[in-house]
Amino acid sequence: MTVEHAHMPTASDAALTAFRHQLAAEGLSQHTRRAYVSDAAALANWAAPKALTTLTTDDLAAYLASPQVMQKSPRSIARLQSALRHCWRGLLARGSVDSDPTIGLDTPRIGLALPKGLSEADVDALLAAPDTETSIGLRDKAMLELLYACGLRVSELVGLPLSALNLPAGYLRVKGKGEKERLVPMGENAVVWIQRYIDEARGELVRDFSVPALFVTARGGGMTRENFWHLIKRYALMANITSNVSPHTLRHAFATHLLNHGADLRVIQLLLGHSDLSTTQIYTHVARERLQKLHAEHHPRG
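Residues numbered from 1 in each chain as written. Predicted model: local features only at pLDDT ≥ 70, side-chain atom pairs only at ≥ 80, totals over all residues. Heavy atoms only, no water.

Description of the packing of aromatic side chains
In this description, a pair of aromatic rings is defined by centroid distance and the angle of the planes. We apply this condition: When the centres of two rings from Phe, Tyr and Trp lie within 6.5 Å, Trp using its six-membered ring, the rings pair. Their planes under 30 degrees apart give stacked, over 60 give edge-to-face, and anything left gives tilted. Secondary structure counts use DSSP, requiring at least four H or I residues in a row for a helix and at least two E residues in a row for a strand, with both numbered from the N terminus. Working definition: with a 1.4 Å probe on protein chains only, accessible area under 20% of the residue-type maximum means buried, over 50% means exposed, and in between means partly exposed. In this scheme, the term charge over a ring applies when either NZ of a lysine or CZ of an arginine sits within 6 Å of the ring centre and within 35 degrees of the ring normal.
On inspection of all chains with the given rule, the structure shows two aromatic pairs. When the ring of W46 is compared with that of Y63, the centres are 5.1 Å apart and the planes differ by 55 degrees; the resulting orientation is tilted. Pair noted here: W46 is in helix 2 (residues 30–47) and Y63 is in helix 3 (residues 57–64), with a separation of 17 residues, a long-range link. Taking relative accessible area as the criterion, Y63 reaches 1% and is therefore assigned buried. Sitting over the ring of Y235, R234 keeps its end group 5.1 Å from the ring centre.

Structure (structure tokens):
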């Protein structure tokens with residue numbers, strides 16, 4: 001009689017389990033955590049019977065040069081390397097390894113994904129689209145004004161509680177990626193529309209006044225990403241904006257328009273909640289493209 005032996009936990013299994021807990025503690029999104037653990041598990045399978053904790057820089061370089069990795073896109077390989085850096089950072093912190101073999105690995109060049117442009121006139125048309133004579137329209141107007149005024153991520157916008165607001169001081173407290181908090185000024189227009197929404201519309205929409213969400217649906221529950229995605233698409237059509245508009249488009253417009261009007265890049269970094277300035281620097285390319293286009297259109301020898 002043949003007895004099937006249960007899989008015995010290995011050092012790599014333990015490392016992957018610890019990696020899952022580490023990513024959760026870092027506050028990364030569920031999608032990112034799942035992708036990073038999948039990347040680390042694929043490496044562990046490739047390296048077996050070697051344990052993750054015994055791999056060297058040469059081992060990792062060999063894996064990155066393997067057919068199963070080389071067929072991936074540069075962006076997927078860059079994500080893989082980010083997963084490995086996170087993994088070994090945790091191994092080092094836990095004392096499971098003495099050195100980090102990910103240091104010195106070449107990072108693939110990724111084509112720069114420039115944000116889609118939205119002119120200031122387009123933004124004005126979009127913000128003017130909601131019918132502010134209705135409770136729903138007033139809510140939508142307040143959401144659009146706040147999104148553009150503060151450059152929020154859509155998850156940050158729909159997740160705002162009433163307690164995040166300080167309307168007299170004109171700022172809000174935003175909880176972003178990694179549960180990091182930042183203070184963002186709202187600007188006079190956004191403050192006016194948020195106040196109007198709270199005074200005139202929110203009470204008509206919310207059914208349970210214990211609901212903490214600032215923005216609520218017609219059924220009285222908290223607004224969702226999907227709800228807002230659909231409404232901004234509808235208002236873009238109403239405003240006759242032909243380019244593809246999403247919630248992230250207004251975040252891009254916020255940063256680009258600030259830069260075009262002379263804002264410092266590091267200030268924009270803080271307002272957007274970027275942990276790394278290199279992420280914010282993409283907007284310098286956007287501004288440069290706009291200047292080149294203006295030069296070509298208006299200079300006699302453009």
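After that view of the structure, there is still more to cover.
Comments concerning the pairing of strand 3 (residues 181–185)
We apply this condition: Pairing between strands requires that DSSP locate at least two bridges from one strand to the other.
In strand 3, alternate side chains face the same way, and those of R182 and V184 are buried while those of E181, L183 and P185 on the opposite face are not. Across five bridges, the pairing between strand 2 (residues 171–175) and strand 3 is antiparallel. Paired with R173 across the strands is L183, a residue of strand 3. Connecting strand 2 to the antiparallel partner strand 3 that follows it, the hairpin turn spans five residues, and G178 within it adopts a positive phi of roughly 65 degrees.

A few points about the nonpolar core
Note the following rule: Each nonpolar core is a collection of buried residues, namely Ala, Val, Leu, Ile, Met, Phe, Trp, Tyr and Cys, held together in the definition by side-chain atoms within 4.5 Å. We call two residues in contact whenever any of their non-hydrogen atoms come within 4.5 Å of each other.
Formed by 56 residues in total, the largest nonpolar core has its most connected members in L146, L172, M186, F215 and F228. At the level of elements, helix 6 (120–127), helix 7 (135–150), helix 8 (154–158), strand 2, helix 9 (188–205), helix 10 (225–238), helix 11 (247–260) and helix 12 (265–272) are the ones that each hand at least two residues to this core. Every residue in contact with F215, bar those within four places of it in the chain, is listed here: R139, A142, M143, L146, L157, I194, Y197, G221, G222 and M223. A15, L23, A40 and L60 belong to the second-largest nonpolar core, a separate cluster that totals 25 residues.

A few points about the packing of helix 11 against helix 12
For the record, the criterion: Axis lines are fitted to C-alpha atoms, over the contacting stretch for helices. Their N-to-C directions set the angle, which ranges from 0 to 180 degrees. Working rule for angles: under 35 degrees goes down as roughly parallel, over 145 as roughly antiparallel, 65 to 115 as roughly perpendicular, anything else as oblique. Working rule for handedness: look at the near helix, and if it is turned counterclockwise from the far one by less than a right angle, call the crossing left-handed; if clockwise, right-handed.
Packing of helix 11 against helix 12 brings their axes to within 10 Å, and their N-to-C directions diverge by 160 degrees. With respect to each other, helix 11 and helix 12 are oriented roughly antiparallel. Our pair here, helix 11 against helix 12, has a crossing hand that is right-handed. Facing helix 11, whose interface residues are R251, F254, A255, L258 and L259, helix 12 presents L265, I268, L271 and L272.

Here's the deal with the confidence of the model for the protein chain
Worth spelling out the cut-off: Values of pLDDT, which run from 0 to 100, indicate the predictor's confidence residue by residue.
Of all residues in the protein chain, 85% have pLDDT values of 70 or greater, and the mean over the chain is 84. Confidence, read as mean pLDDT per element, is least for helix 14 (residues 282–298) in the protein chain (60) and greatest for helix 7 (96). For residues 1–6, every residue scores under 50 in pLDDT, and the model assigns this stretch zero contacts once sequence neighbours within four places are set aside.

Re unusual backbone geometry
Residue A48 is joined to P49 through a cis peptide bond whose omega torsion reads 10 degrees. Among the structural elements, P49 can be located in the loop between helix 2 and helix 3. Backbone geometry places N240, a non-glycine residue, at a positive phi of 60 degrees. By the element assignment, N240 lies in the loop between helix 10 and helix 11.

Structural notes on the pairing of strand 2
Here strand 2 shows one buried face, formed by L172 and V174, and one open face, formed by Y171, R173 and K175. Pairing of strand 1 (residues 165–166) with strand 2, which is carried by two bridges, proceeds in the antiparallel orientation. For N166, the partnering residue across the bridge sits in strand 2 and is Y171. Hairpin connection of strand 1 to strand 2: four residues between the antiparallel strands, including G170 at a positive phi of 80 degrees.

Observations regarding the sheet that holds strand 3
By way of backbone hydrogen bonds, the strands of a sheet pair with one another, either parallel or antiparallel. Strand order in the open sheet formed by three strands is 1-2-3, and the pairing between neighbours is antiparallel. Edge strands, defined here as strands with exactly one partner in the open sheet, are strand 1 and strand 3.

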